[in-house]
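Here is how the chains run, residue by residue.
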Amino acid sequence: LKKLSGLSGQGGPLGQLGKTAQAFKAAPMLKGLDAIRQGVQVVVGVAADFERQFKTVQAITTGTGKDFDKLEKQVVSLSVSTEHTSTSLLKASTVLGRAGYHAKDVGVALETVANLATASGVSTEIAANMAVRMLKSFGKEATELAGISDVLAQAAAGANVTIRGLAEGFKFAGAIAEQQGLNF
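Thresholds applied
Residues numbered from 1 in each chain as written. Predicted model: local features only at pLDDT ≥ 70, side-chain atom pairs only at ≥ 80, totals over all residues. Heavy atoms only, no water. Helix = DSSP H or I, 4+ residues; strand = E, 2+ residues; numbered from the N terminus. Buried < 20%, exposed > 50% of the residue type's maximum accessible area, 1.4 Å probe, protein only. Contact = heavy atoms within 4.5 Å. Areas by Shrake-Rupley, 256 points an atom, 1.4 Å probe, with all protein chains shown as cover. Salt bridge = Lys/Arg side-chain N within 4 Å of Asp/Glu carboxyl O. Phe/Tyr/Trp six-rings, centres within 6.5 Å; stacked < 30°, edge-to-face > 60°. Lys NZ or Arg CZ within 6 Å of the ring centre and 35° of its normal. Core = buried A, V, L, I, M, F, W, Y, C linked by side-chain atoms within 4.5 Å. Axes fitted to C-alpha atoms, helices over the stretch in contact; angles between N-to-C directions. Parallel < 35°, antiparallel > 145°, perpendicular 65-115°, else oblique. Left-handed = near helix turned anticlockwise from the far one by under 90°.

## Observations concerning the overall build of the protein
Right, so step 1: Tallying secondary structure elements over the protein gives eight helices and zero strands in all.
Right, so step 2: Split into buried and exposed, the 184 residues of the protein put 31% on the buried side.
Right, so step 3: In the protein, 57% of the contacts between residues at least 6 apart in sequence involve partners at least 24 apart.
Right, so step 4: Total accessible area on the protein is roughly 11200 Å²; 60% of this is exposed by carbon and sulfur atoms.

Here it is in structure tokens:
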């Protein structure tokens, strides 16, 4: 009997087995806590990246605090409602800002740029560059981008050409057409 009680005591083999069993019960909980910690790190990292990129947009784009608040909400909303990430939308915003558009104009153009990117199969940054070239070459305002994008999409659908190819062609033809008094 004395031998059996020694097996189950704190220092005995059965006592050690009990401690090991308790450790295994805690292991899933520790893994779960580690997964939560990693998730929080990712979220904090994404938020920090967003803030850094948005500050770049603010630095190169003119506008009021209200304009930037609205633009920030538009970026977040579009990143939820489209396949484009906030990072790619902020890159497009940077392109539009560097082209001289105000924050409110960037916000107006951003959804159209996202749609143009989707329709043409390019990044939002490339779509923003195409949009800027089209607007500038025809002397149009950012508010007219939706109409221009619609014309591009219709023309591409009716011909064996890509939206990107059309945009490249119009980049060169736009200035000449403008000089001749032709409208888009």
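## Digging into the pattern of salt bridges
Right, so step 1: Here the structure, examined in full by the defined rule, presents two salt bridges.
Right, so step 2: Between Arg52 and Asp49 there is a salt bridge, and its shortest N-O distance comes to 2.5 Å. Pair noted here: Arg52 and Asp49 are both in helix 2 (residues 13–60), with a separation of three residues, about one helical turn.
Right, so step 3: Judged by its relative accessible area of 51%, Arg52 falls in the exposed class.
Right, so step 4: Take Asp49: its relative accessible area is 32%, and that puts it in the partly exposed class.

## Some words on the packing of aromatic side chains
Right, so step 1: Using the criterion set out here, one finds two aromatic pairs in the structure.
Right, so step 2: Residues Phe50 and Phe54 carry aromatic rings whose centres are separated by 6.0 Å and whose planes lie at 5° to one another, so their mutual orientation is stacked. Linking Phe50 with Phe54, this pair stays in helix 2, spanning four residues, or about one helical turn.
Right, so step 3: When its relative accessible area of 4% is taken as the criterion, Phe54 is described as buried.
Right, so step 4: Each residue in the set Phe50, Phe54 and Phe68 is aromatic and connected to the rest through ring pairs, giving one cluster.
Right, so step 5: Positioned over the ring face of Tyr101 is Lys136, at 5.1 Å from the centre of the ring.

## Notes on the nonpolar core
Right, so step 1: By size, the foremost hydrophobic cluster in this structure holds 40 residues, and its most contacted members are Leu71, Leu96, Tyr101 and Val113.
Right, so step 2: Looking at this core, the elements with two or more residues in it are helix 2, helix 3 (65–81), helix 4 (86–98), helix 5 (103–120), helix 6 (124–137), helix 7 (145–158) and helix 8 (163–179).
Right, so step 3: Top element by residues in this core is helix 5. It accounts for eight residues.
Right, so step 4: In this view, Val113 contacts Ala92, Leu96, Thr124, Ala127, Ala128, Ala131 and Leu145; residues no more than four positions away in its chain are not counted.

## Some thoughts on the packing of helix 5 against helix 7
Helix-helix packing is described using two parameters, namely the angle between the two axes and the distance between the axes.
Right, so step 1: The interhelical angle for the contact between helix 5 and helix 7, taken along N-to-C directions, is 15°, at an axis separation of 9 Å. Looking at the two axes, helix 5 sits roughly parallel to helix 7. Here helix 5 and helix 7 pass one another in a crossing that is left-handed. Judged by residue contacts, Ala109, Thr112, Val113 and Leu116 of helix 5 engage Leu145, Ala146 and Ser149 from helix 7.

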